[in-house]
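# Breakdown of the fold
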Amino acid sequence: MGLLTEGTPLSWPETKKYSEHVREHGIQQFINQFHQLKGRQGDCLKWGDEIEYMIIKLDHQNRKARLSLRGSELLDVLREAEETNPKEVRSLWRPEYAEYMVEGTPGQPYGSLVQHFNIVEHNMSFRRSEVQSLLQPDEVVLSLTTFPRLGCHDFTYPSAHPDPNGGASRSLFFPAAAITQSHPRFSTLTRNIRERRGEKVAINVPIYKDMKTPSPFIEDLSQFGDDGSSAEAAKVDHVYMDAMGFGMGCSCLQMTFQACNIREARVLYDHLTPLCPVMLALTAASPVWRGYLADVDCRWDVISGSVDCRTREERGLEPLRNDRFVIPKSRYDSVDCYLSECGGRYNDIPLVYDQGIKNKLVDSKVDEYMAQHIAHLFIRDSISLFSEKIHQDDTRDMDHFENIQSTNWQTMRFKLPPVNSDIGWRVEFRPCEVQLTDFENAAFGVFIVLLTRAILTFKLNMLIPISKVDENMKNCQKRNAVLEQKLWFRRDIFSRECDKGDDASQMTVNEILNGKGEEFMGLIPLVRQYLGLLDIDADTACTIGQYLNFISARAAGTAMTTAAWIRNFITTHPEYRQDSVVSDGISYDLIIATSEISQGKRECPELLGGTPKTRTSEDIPKAMKKIIKMACMASRSAE
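Summary of the structure given here. (Residues numbered from 1 in each chain as written. Predicted model: local features only at pLDDT ≥ 70, side-chain atom pairs only at ≥ 80, totals over all residues. Heavy atoms only, no water.)

### Let's talk about the layout of surface pockets
The calculated volume of the second largest pocket comes to roughly 970 Å³. Residue assignment for the lining of the second largest pocket shows that the elements contributing at least two residues are strand 7 (203-206), helix 7 (229-233), strand 8 (238-241), helix 11 (300-306) and helix 17 (466-475). The element contributing the most residues to the lining of the second largest pocket is helix 11, with five residues. For the lining of the second largest pocket, the residue count by class is 18 nonpolar, 10 polar and 18 charged. (1 Å grid on protein atoms, 1.4 Å probe; cavity = no way out; pocket = protein on both sides within 12 Å on 5 of 7 lines; lining within 4 Å. Points joined across faces, edges and corners; volume = space filled by probe spheres on them. Helix = DSSP H or I, 4+ residues; strand = E, 2+ residues; numbered from the N terminus. Nonpolar A, V, L, I, M, F, W, Y, C, P; charged D, E, K, R; others polar.)

What follows is the structure in structure tokens.
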């Protein structure tokens, strides 16, 4: 979840006092690091994934599933191997926002060999088994985007109760005990976001109107201890939520790629940005919120609302008196501008940025588009600051820059090389919802990396106006968007001519992925064309082929999205009363079913497009490791 600084967290009034200090020194840190490393060349492709897992406690006697608050306890054990021998571990583990979550990544990044695509799924399975081996007999680990009864009565084990009048969030539904206890960052962010905003966050998700759903749907929030403020914030015919935990307590799949230089990183950032809504629709996995079926399939707007620290003035609800800007979006939202000169021509929405910061960056020889991007990020205040990190050496530290960079949670993130590190320029692809199985998560992760290779090899042009990316981000989250919505996408992707202009047309996800006759080739045929240029061993070819077949089926609708599968499971459950309510019994059966699917104990061809059996393996041959190491060293030496 970003920068995990150790130390003593400051209160919001103390943090606010240092806002300009953090901005000023964060910008100087960026300038120093940018100029020191902008000429860095020759880094090999390295990449990896991040997956967040949930721990769930099953009460078989009472048919009830609860979130198990043992994340910190499990992390102590999971991280022992890393602390003993960090260079040889197969997995790395980090805390996440909620006490029922852990985040796992590969122990070492994957490399540029095609054989690396065949070890991703095996590593994901290893991570899952690592966690499962530490659980009690009545616990399971799931890669589930959102727990169906998150925020309902007695949804945690041990049972914890929200305190509307105290605690970091003052939520009617989300207890403080469900926030991770092992690191102060998470509670501090929760408290500071609420205090900076001047009121609780307000998240409203449209309810799915079934035959017996009350109409209008209005909850009596006084039963949860509401003083009237939540009732005022709640919308009719919507499921209301009021805490950071409803968003940051979700799980996702994220991918990070290292580029060979800053130019390549900017190209990837720009040309992957229009793909974010497409991949969000394909991976949709969140149709249930606070025990109700919703009329959306994705988590994105929920998380956006859960960390929306904008004041009433910044949201345009009151005239600007104390704040500097009216800001159109939450700090967790879609990308607002492209970074390259070619991409800059498609920046067609007014961008809010700090003019003084932009001037300083340009005066310091940072190019216009990068300066604009950084000045836009830095309209935000720091919302988490530690007393030990206030005063830094701007020639050696980057914590003030990362403080603000890491709390701008956009669909893409442009990442500088860390100080004194062999890690290069990177981009992070952030929209995907996590899937139930390692096969699905590996398929999407591998597909995204293959797309980056195709973009670079064929010099593809995916650019469309940013306003159309924003439009796509709204439409891709709607119920069954993968089949029922059309998204803007570029038709002529083989021309990098910047002056050609807007070439976007509206296509279904199936047309974008599988093609539209002679009008559009399709991303999957494009990836297959790229693979045809490579010398691929039989096992890797088999695995990648199954991944592409699955994604093709998902786009075509012959394999259901996770959201569609969950929705169908609930609405056809014998206990479902056609009233949009997901009861404890339904939730319990759903968790049992998803656990069996994730462990391979239950076949689910309607979700997976068949019964996949890849040839994934634990590692690449040692001889191949030597080849890639020598190739990378030669590449750096040549520069």
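### Re helix 16 (residues 438-457)
Spanning 20 residues, helix 16 covers 28 Å between terminal C-alpha atoms, matching the ideal 28 Å at 1.5 Å per step. With 18 of 20 residues buried, helix 16 lies mostly within the body of the structure. (Expected span 1.5 Å × (residues − 1). Buried < 20%, exposed > 50% of the residue type's maximum accessible area, 1.4 Å probe, protein only.)

### Details of helix 3 (residues 71-78)
One turn of an α-helix holds 3.6 residues; hence residues three or four places apart share an orientation. Every buried residue of helix 3 is listed here: Gly71, Ser72, Leu74, Leu75 and Leu78. One side of helix 3 holds all its buried residues, which, seen down the axis, span an arc of 160°. (Arc of directions from axis to C-beta.)

### Describing the pattern of salt bridges
Within the structure shown, the criterion is met by 46 salt bridges. For arginine 196, the salt bridge is made with aspartate 381, and the minimal N-O distance between the two is 3.1 Å. Of the two residues, arginine 196 sits in helix 6 (residues 185-197) while aspartate 381 sits in the loop between helix 14 (368-377) and helix 15 (399-405), which places them 185 residues apart along the sequence. When its relative accessible area of 11% is taken as the criterion, arginine 196 is described as buried. For arginine 299, the salt bridge goes to glutamate 433, with nearest N and O atoms at 3.2 Å. In this pair, arginine 299 sits in the loop between strand 11 (292-293) and helix 11 while glutamate 433 sits in the loop between strand 15 (426-429) and helix 16, placing the two residues 134 residues apart along the sequence. Side by side, arginine 299 and glutamate 433 carry an identical accessibility label, which is buried. (Salt bridge = Lys/Arg side-chain N within 4 Å of Asp/Glu carboxyl O.)

### Thoughts on the packing of aromatic side chains
Tallying each qualifying case throughout the model produces 25 aromatic pairs. On the numbers, 6.2 Å between centres and 85° between planes, the contact of tyrosine 269 with phenylalanine 414 is edge-to-face. Of this pair, tyrosine 269 sits in helix 9 (residues 262-272) while phenylalanine 414 sits in strand 14 (residues 412-415); the two residues are 145 residues apart in sequence, bridging distant segments of the chain. Taking the relative accessible area as the measure of exposure, tyrosine 269 reaches 0% and is therefore buried. Their ring planes at 70° and their centres at 5.6 Å tell us that phenylalanine 444 and phenylalanine 550 sit as a pair that is edge-to-face. Here phenylalanine 444 is found in helix 16, whereas its partner phenylalanine 550 is found in helix 21 (residues 538-556), with 106 residues between them in sequence. What makes phenylalanine 444 buried here is its relative accessible area of 0%. Overall, phenylalanine 550 belongs to the buried group, its relative accessible area being 3%. Grouping aromatic residues by their ring pairs yields a cluster made of Tyr97, Phe155, Phe173, Phe174, Phe186, Phe224, Tyr240 and Phe246. The lysine or arginine in question, lysine 468, covers the ring of tryptophan 488, its NZ or CZ lying 4.0 Å from the ring centre. Across from the ring centre of tyrosine 208, 5.4 Å away, lies the NZ or CZ of arginine 567, which sits over that ring. (Phe/Tyr/Trp six-rings, centres within 6.5 Å; stacked < 30°, edge-to-face > 60°. Lys NZ or Arg CZ within 6 Å of the ring centre and 35° of its normal.)

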